[in-house]
Amino acid sequence: MQNGDHVRNDNGHSFSHPGLILPTQSVQNQIHELAKTLPPPRKQNTACDACRSRKVKCNRLPGEDKADKRQHCLSKNYPCTHFVQQATSEKKRSAAARRPRNISTSSRLASGTPISSSPIAEHNTPPWFKAAFGPWNSGRLQSYGGLNMQSTTPTLLHHLFAPESDSTFMFKSRSPGYATWGDMASKLEDEAFRAEFALDLVEVYFQIVHTRLPLLNPLQFRARLNLQATQQRPVIARQDEPLHPALIATVLAWGAKFSEHPLLVADRERNGGQSLLAKALINRTRELAESLKVHRIPNPNHVVISLLIEPLQCPGFHGFWLTSGIRNLLGLQINHKSVMADIKDPEARGTMIFAWWMACLSDAFSSFYYRRKPMLDDDDYDIDFYTADQNTQEATDPTAPSPREQLEVRSRGYYRAAHALARISRTIARQLWRPSTDQDGIPLDSVLSYISDLSKWRDAHLSKVGVPPNLEANWDFVSAVSACASDAQYHVTWVALFFAMDEFGIRDDTFTSSNINQMETAKRRVMEEALQASLRIAALAGVLTSNGYLKLDPAVMHVSCINAGTLLARLGRPEVSECIKALEQYSYAYEETKEHAREISREYDVALQKGPNNFHQMASVINPSSRAFHAEAMSVEALTNGNGNGKHHGNTYMSI
């Protein structure tokens, strides 16, 4: 396969959806550039004492260093001193020297050198910093299944695509040979075919997954993979730093989830719509990553691998690899602005900052959705937020917008909005985790605070990051899924809050009549918001399903579909069918979602017979007559063309 902007359209092409617009290689590269093009750490304020006290700009004369007298001091004949700045710098250095690092991931690095009790060495740099940001294969790690850090790509492919009975991985075989993977699987014995198949999976990854998780540089990955699909034995050129074997395996496993290569099509046809080869690649990827200590050694490559493996698994929170990624980030001290400033390579610095915010957001949302304690607190990091710098021009073409300006326009403030919503989710998750909440309920003051915070977030951000009122008919896959996922991420928070209140109830220690009325008012408000949110999520899911987009979505909206579908089913709302169809389409890559769809269908059938059911603490605000709920049925067109608040506004048709 040659590098270029075209998309393969030969018989081995992975997509056959008519009219589906996927990003070309040039767009894939641009997405990565936008993701890693972050502002450098904010320059330290070096104003002199006189300018600092007068709160005026401190201008350094051209050609002079920071120790020389400043322009303002010269004109006023003031003594130019920097006592405040010196005291601030000394305080930061002292705090860094005292900073503890009691985490298990810091016990040993890739070089095999134990970390001393003090993480700060000469020039305030951790002694393992250079090793951690150097080549990942500098140390000796045990071999696993014949694979180690020095294994070439052809050798890796031989093991990854080996039949289950012959595989050296700890993988139980159901039958010998390639039979369980379909009629074409025997072609994997040919080395050239394995190379061609692997290249197809790599392209699928960058077309589908990379658009949502731009952690890799497409150009660098393809160059360092250096795999050729020819009739001769594929070769890989010697590289100073070859790709990590677990990273290659992770990319291939992702590609197998969504690829429509004839081999995988035959595999799915043989096994009831599910690919056993794709499942085998996921299992082998995890085993390989564990054997190479990806989860234990703080290293930038290990951070990326961990964050990519977590969503690779079937929906439902697993947490191990997300936790590993966060621990690796903390081991690298990526949460410290001072450490980030020491990473001189813009590519490495940008990737690590993006990885940090991805992990930070994922930790907050998953903690709320799956009722666990967040790993991170608001004060666990001080690095500059992921935002665009409109004043910096970095484009080679002076007439073109800079990558940061493009990021600001394309994301429409997504990262700032997502971080604000993540902080709300993190706060709720910590409250739900407390044993007192399980015993006594959620405090009334906390519930009122959550309602207020979510309402303020909607007013400030939803119109910018959600589905816009008037959509263009030529919206592509990336734009459609991104906007719908951002929109649904806010709305599912109301649904999850409703279920939390239904499970735990509301606690009020005063028992006054006014507070009791306040409790019921809060319940009704959350119920109304959750119902409207569920209807909107169902409408958005219906639009994506009708275009076949959820078949190619790396599990971004499945939590929203499950929560919204469950509430609508228990209320007996017919709109639940959109969530059921969405989950069934998700089962193309995530088979567990089909069981979720069946469970929601069963709850809906019960509600049709008995009325709204399976409610507990929120039962007092549920109308026992299902007809009352059906009276406010909303159309897909109306929901997706509203003003972003989940209410019924207008009826213009939305098409993507």
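From a predicted model like this one, the values you see are computed outputs, not experimental measurements.

### Remarks on the overall build of the chain
A tally of regular secondary structure across the chain gives 26 helices and two strands. Evaluated residue by residue, the chain yields a buried proportion of 55% over its 656 residues. For the chain, the accessible surface area stands at approximately 29100 Å², while carbon and sulfur atoms represent 49% of it.

### Concerning helix α23 (residues 576-586)
Taken together, the buried positions of α23 are Val576, Cys579, Ile580, Ala582, Leu583, Gln585 and Tyr586. Check the buried side of α23 and you find it contacts α21 (513-546), α22 (558-571) and α24 (592-610).

### With respect to the environment of threonine 153
Counting through the fold element by element, threonine 153 comes out in helix α6 (residues 153-160). Assessed through its relative accessible area of 4%, threonine 153 is described here as buried. Separated by 92 residues in sequence, threonine 153 and proline 245 place their C-alpha atoms 7.6 Å apart.

### Considering the pattern of salt bridges
Enumeration over the complete set of coordinates arrives at 17 salt bridges. Between arginine 371 and glutamate 503 there is a salt bridge; the shortest N-O distance is 2.4 Å. Linking arginine 371 in the loop between α15 (346-369) and α16 (403-411) with glutamate 503 in helix α20 (residues 477-504), this pair joins segments that are 132 residues apart in sequence. The exposure class assigned to glutamate 503 is partly exposed, which follows from its relative accessible area of 46%. Ionic pairing is found between aspartate 487 and arginine 536, a salt bridge with its closest N-O pair at 2.8 Å. In this pair, aspartate 487 is assigned in helix α20 and arginine 536 in helix α21, connecting sequence segments 49 residues apart. As far as the burial class goes, aspartate 487 and arginine 536 line up, both buried.

### So, the state of the cysteines
This structure, assessed with the given rule, holds zero disulfides. For cysteine 58, which is in no disulfide, the shortest distance to another cysteine sulfur is to cysteine 51 and amounts to 3.7 Å.

### Focus: the environment of glutamate 603
Structurally, glutamate 603 can be placed in helix α24. With a relative accessible area of 12%, glutamate 603 lands in the buried category. Aside from chain neighbours lying at most four places away, what touches glutamate 603 is Thr566, Ala569, Arg570, Asn613 and Asn614.

### Some remarks on the packing of aromatic side chains
Inspection of the entire model under this criterion finds 14 aromatic pairs. An angle of 5 degrees between the planes, with centres 6.4 Å apart, marks the rings of phenylalanine 193 and phenylalanine 197 as stacked. Here phenylalanine 197 and phenylalanine 193 lie together in helix α7 (residues 191-209), a separation of four residues that amounts to about one turn. Look at tryptophan 254 and phenylalanine 258: their rings are 6.2 Å apart centre to centre, the planes differ by 10 degrees, and that puts the pair in the stacked class.

### A look at the nonpolar core
Ranked by internal contacts, the top residues of the largest apolar core, which has 162 residues, are Phe161, Trp356 and Phe498. The element best represented in this core is α20, accounting for 19 residues. Ignoring anything within four residues of it in the chain, the contact list for phenylalanine 498 reads Val526, Met527, Ala530, Leu567, Phe615, Met618 and Ile622. Cys48, Ala50, Cys51 and Cys73 belong to the second-largest nonpolar core, a separate cluster that totals six residues.

### Some points on the environment of aspartate 267
The topology assignment puts aspartate 267 in helix α10 (residues 262-270). A relative accessible area of 0% means that aspartate 267 is categorised as buried. Considering only alpha carbons, one finds aspartate 267 and aspartate 183, 84 residues apart in sequence, at a separation of 7.5 Å. The contacts of aspartate 267, once residues within four sequence positions are left out, are Thr180, Trp181, Gly182, Gln274, Ser275, Leu276, Leu277 and Ala278.

### Considerations on helix α17 (residues 414-433)
Along its 20 residues, α17 runs 28 Å from first to last C-alpha, staying within 8% of the 28 Å computed at 1.5 Å per residue. Summarising burial for α17: 14 of the 20 residues are buried, a large majority.

### Here we look at the confidence of the model for the chain
Of all residues in the chain, 68% have pLDDT values of 70 or greater, and the mean over the chain is 76. Of all the helices and strands in the chain, α16 carries the lowest mean pLDDT, 42, while strand β1 (residues 442-443) carries the highest, 96. Here residues 1-13 is modelled with pLDDT under 50, and outside its nearest four sequence neighbours on either side it reaches 23 contacts, counting other chains as well. Scored below 50 in pLDDT, residues 639-656 makes 55 contacts in the model with residues more than four places away or belonging to other chains.

### Describing unusual backbone geometry
For lysine 293, which is not glycine, the phi torsion reads 60 degrees and is therefore positive. Inspection of the secondary structure assignment puts lysine 293 in the loop between α11 (276-291) and α12 (300-312). Residues other than glycine seldom take positive phi values, yet glutamine 333 does so here, at roughly 60 degrees. Secondary-structure assignment places glutamine 333 in the loop between α13 (320-331) and α14 (337-341).

### Considerations on the side chain of threonine 593
Among the secondary structure elements, threonine 593 is positioned in helix α24. In terms of polar contacts, threonine 593 uses its side chain to reach the backbone carbonyl oxygen of leucine 583, at 2.9 Å. Reaching out from threonine 593, the side chain makes a polar contact with the backbone nitrogen of serine 587 at a distance of 3.0 Å.

### Concerning the packing of α7 against helix α8 (residues 218-225)
What describes two packed helices is the angle between their axes and the distance between those same axes. Following both chains from N to C, one finds α7 and α8 inclined at 170 degrees, their axes separated by 12 Å at the closest point. What the angle tells us is that α7 and α8 run roughly antiparallel. Contacts from Leu199, Val202, Glu203 and Phe206 of α7 reach α8 at Pro218, Phe221, Arg222 and Leu225. Classifying every residue of the contact of α7 with α8 gives six nonpolar, no polar and two charged.

### Some remarks on the side chain of threonine 250
One can find threonine 250 in helix α9 (residues 245-258). Owing to a relative accessible area of 0%, threonine 250 belongs among the buried residues under this scheme. Setting aside residues no more than four positions away along its own chain, threonine 250 makes contact with Thr285, Ile305, Leu308 and Ile309.

### What to know about the packing of α10 against α11
Between α10 and α11, the shortest axis-to-axis distance is 8 Å and the interhelical angle comes to 105 degrees. Relative to α11, the element α10 is oriented roughly perpendicular. Each of Leu263, Leu264 and Asp267 in α10 lies in contact with α11, whose residues at this interface are Leu276, Leu277 and Ala278.

Criteria and thresholds
- Residues numbered from 1 in each chain as written.
- Predicted model: local features only at pLDDT ≥ 70, side-chain atom pairs only at ≥ 80, totals over all residues.
- Heavy atoms only, no water.
- Helix = DSSP H or I, 4+ residues; strand = E, 2+ residues; numbered from the N terminus.
- Buried < 20%, exposed > 50% of the residue type's maximum accessible area, 1.4 Å probe, protein only.
- Areas by Shrake-Rupley, 256 points an atom, 1.4 Å probe, with all protein chains shown as cover.
- Contact = heavy atoms within 4.5 Å.
- Salt bridge = Lys/Arg side-chain N within 4 Å of Asp/Glu carboxyl O.
- Disulfide = S-S within 2.5 Å.
- Phe/Tyr/Trp six-rings, centres within 6.5 Å; stacked < 30°, edge-to-face > 60°.
- Core = buried A, V, L, I, M, F, W, Y, C linked by side-chain atoms within 4.5 Å.
- Expected span 1.5 Å × (residues − 1).
- pLDDT = per-residue confidence, 0-100.
- Polar contact = N/O pair within 3.5 Å; in protein donor to acceptor, adjacent residues only side chain to side chain.
- Axes fitted to C-alpha atoms, helices over the stretch in contact; angles between N-to-C directions.
- Parallel < 35°, antiparallel > 145°, perpendicular 65-115°, else oblique.
- Nonpolar A, V, L, I, M, F, W, Y, C, P; charged D, E, K, R; others polar.

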